[in-house]
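# A look at the structure
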Amino acid sequence: MVSRVIPVDPFDLVIFGATGDLARRKILPGLYRRFLDGQMPPEARVIGAARSAMETPAFREEVRAAIDEFVAPARQDATRIAEFLDRLHYVPIDAKGDTGWPELAAQMRPGHVQAFYFSVAPSLFGALAERLHRHGIAGSEARIVVEKPFGRDLATAQDLNRTLAAHFEERQIYRIDHYLGKETVQNLMAVRFANILFEPLWNAQFVDHVQITVAETVGVDGRGAYYDTSGAMRDMVQNHLMQLLCLIAMEPPYCFEPDAVRDEKLKVIRALDPVDPGDIVRGQYRGTGPDDGYLDHAGNPDSRTESYVALKVHVSNWRWKGTPFYLRTGKRLRARTSEIAVVFKEPPHSIFGEAERWRENVLAIRLQPNEGMNMTVMIKEPGPGGMRLTEVPLDMSFAEALGESGTDIPDAYERLIMDVIRGNQTLFMRGDEVEAAWAWTDPVIAAWESRGDRPKPYDAGSSGPEDALMLLHRDGRRWREIRA
Ligand code: NAP
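First things first, this report covers the structure right here in the doc. (Residues numbered from 1 in each chain as written. Predicted model: local features only at pLDDT ≥ 70, side-chain atom pairs only at ≥ 80, totals over all residues. Heavy atoms only, no water.)

## Concerning the overall build of the chain
A tally of helices and strands in the chain yields 16 helices and 15 strands. For the chain, whose C-alpha radius of gyration is 24 Å, the value lies close to the compact-globule estimate of 23 Å for 484 residues. Per-residue burial over the chain gives 53% buried out of 484 residues. Excluding contacts between residues fewer than 6 apart, the proportion of contacts in the chain whose partners are at least 24 apart in sequence is 76%. (Helix = DSSP H or I, 4+ residues; strand = E, 2+ residues; numbered from the N terminus. Rg over C-alpha atoms; globule rule 2.2 N^0.38 Å. Buried < 20%, exposed > 50% of the residue type's maximum accessible area, 1.4 Å probe, protein only. Contact = heavy atoms within 4.5 Å.)

## Re a nonpolar patch on the surface
On the surface, Ile351, Phe352 and Met387 cluster together into a nonpolar patch covering about 320 Å² of accessible area. Structurally, the position occupied by Phe352 is in the loop between β11 (337–344) and β12 (362–368). (Patch = residues over 30% accessible without salt bridge, like charges linked within 9 Å, V, L, I, M, F, W, Y side chains within 5 Å. Areas by Shrake-Rupley, 256 points an atom, 1.4 Å probe, with all protein chains shown as cover. Salt bridge = Lys/Arg side-chain N within 4 Å of Asp/Glu carboxyl O.)

## Details of the site of the ligand
In the vicinity of the ligand lie 21 residues, with Thr19, Asp21, Arg25, Ser52 and Ala95 positioned nearest. A distance of 2.8 Å separates an oxygen atom of the ligand from a polar atom in the backbone of Val120. When the free accessible area of the ligand is taken as 890 Å², the share hidden by the protein chains comes to 73%. Considering every element that reaches the shell around the ligand, the biggest residue donor is helix α1 (residues 21–36), with three residues. (Near = heavy atom within 4 Å. Polar contact = N/O pair within 3.5 Å; in protein donor to acceptor, adjacent residues only side chain to side chain.)

## Some details on the sheet that holds strand β7 (residues 207–215)
The sheet built from nine strands is open, its strands ordered β14-β13-β12-β11-β7-β10-β9-β8-β15 with mixed pairing. At either margin of the open sheet sits one strand with a lone partner, and together these are β14 (389–397) and β15 (456–459). The mean inter-strand angle of the sheet, taken between neighbouring strand axes irrespective of direction, is 20 degrees. Each of β7, β9 (308–314), β10 (324–330), β11 and β12 is contacted by helix α9 (residues 232–249), which is oriented at about 145 degrees to β10, the strand it contacts most. (Pairing = 2+ DSSP bridges. Axes fitted to C-alpha atoms, helices over the stretch in contact; angles between N-to-C directions.)

## Some details on the pattern of salt bridges
All chains considered together, the criterion is met by 44 salt bridges. A salt bridge links Asp411 to Lys26; the shortest N-O distance between them is 3.4 Å. In this pair, Asp411 sits in the loop between α13 (403–407) and α14 (412–422) while Lys26 sits in helix α1, placing the two residues 385 residues apart along the sequence. As a salt-bridge pair, Glu433 and Lys265 come within 3.2 Å of each other at their nearest N and O atoms. Highlighted residues: Glu433 in helix α15 (residues 431–451) and Lys265 in helix α10 (residues 258–270), separated in sequence by 168 residues.

Below you can see the structure in the form of structure tokens.
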């Protein structure tokens, strides 16, 4: 299958924070890959901006090194890299100062799509937005891209929204949640809304429960002090897991337009019940060696911040009343995996007799590694010996199913940046969505903070705290194994 590359209009993309980690690892290598695939028209330019004093040639050398490190060797071509680097420019700018802005203004071309990627700390968003306006750089059609964390609670998210709204309209603001840029996540919408197969079963009558797991093997090393002010609930559940839950639970939008999709996601968030404190398990990992535990890196030996959280969530609407959604995410777990599993109910009666136990049908959607989908079904065990049942997977790995085009699935960031250039906000969070997610999260966090609970310890390399197993056991269910 040949993948279709849809061209975009000429653009000027300004990356504030172009010398930072995110720009180096994701944004700039991703842009090179889009360039290789013919998605950067000849007039398109990328302008890096950061505090570091540097000339354009030095910036290009930094980007060359980033491509060397973060792009697969098979996609590195010296001639093409040189052509890409020619499109890059650099302007030293302090977001809080007033130098550099006229130089940036001089780089912008009339008639080009203007996009400004704020790949800097959120505390700088206001200063950048204000100066882009004051210096007449951002026009009424300009787009700005902002990164997580979008606030640390409802009040700070509202502040950020107000700050951006002072200079930009909602239609110009692209709040990135890179989980939404993943191929599988979008495929989830295709599977749900481009097939008739699942919709009749996609409700509390047929779905026993849903599990959403985002497990990491890495710890907080290096960024422990920052992480300690956040924790798994703020860092992962409020945004990434919530977005996945929305895509599973939402009603079919009337069309695939940004607000039609985002309206339906918002309804899901608003339908979430407050979480019962007994339905939450928080954990903190213990190290396997010296200086290896969470507390060794948190900068606070008495930290009560969770590096793991598991919770049972209810969506109170006609479709989902009675079907629990179990969410879990954590660091230093057994394997790196992100998966959504829709576990269907058992058939009401076995015509094969009690001896022939069946397992539930499960639709598992893997986000990483090996993006793909897998459906387990019961069949007859092959061979003589009567009607014995066995479970088999119907497996669809995108890389295998889509042949060559599947092996080079664009990174989530590449896809999302191209959506910004196209002016398509479907895969970006709207301001009210973010605020609704915080409005649901805040009381959960406030409840445990007021109790001063300590998170349960768990061993690095395990599946998380024992109590998290109990969260499902007591409902007669089991977590799926965390495996790569
Ligand atoms: P970083 O490595 O600390 O880089 C920060 C960037 O901001 C640098 O380019 C720095 O430029 C620039 N900067 C700092 N102060 C500035 C100022 N006053 N004026 C202009 N530029 C300034 O941070 P990062 O990891 O790239 O993260 C950037 C944003 O993305 C943050 O909001 C972060 O939360 C978010 N994010 C990052 C990741 C990730 O994987 N890294 C993932 C998700 C979200 P100089 O070095 O030249 O001063």
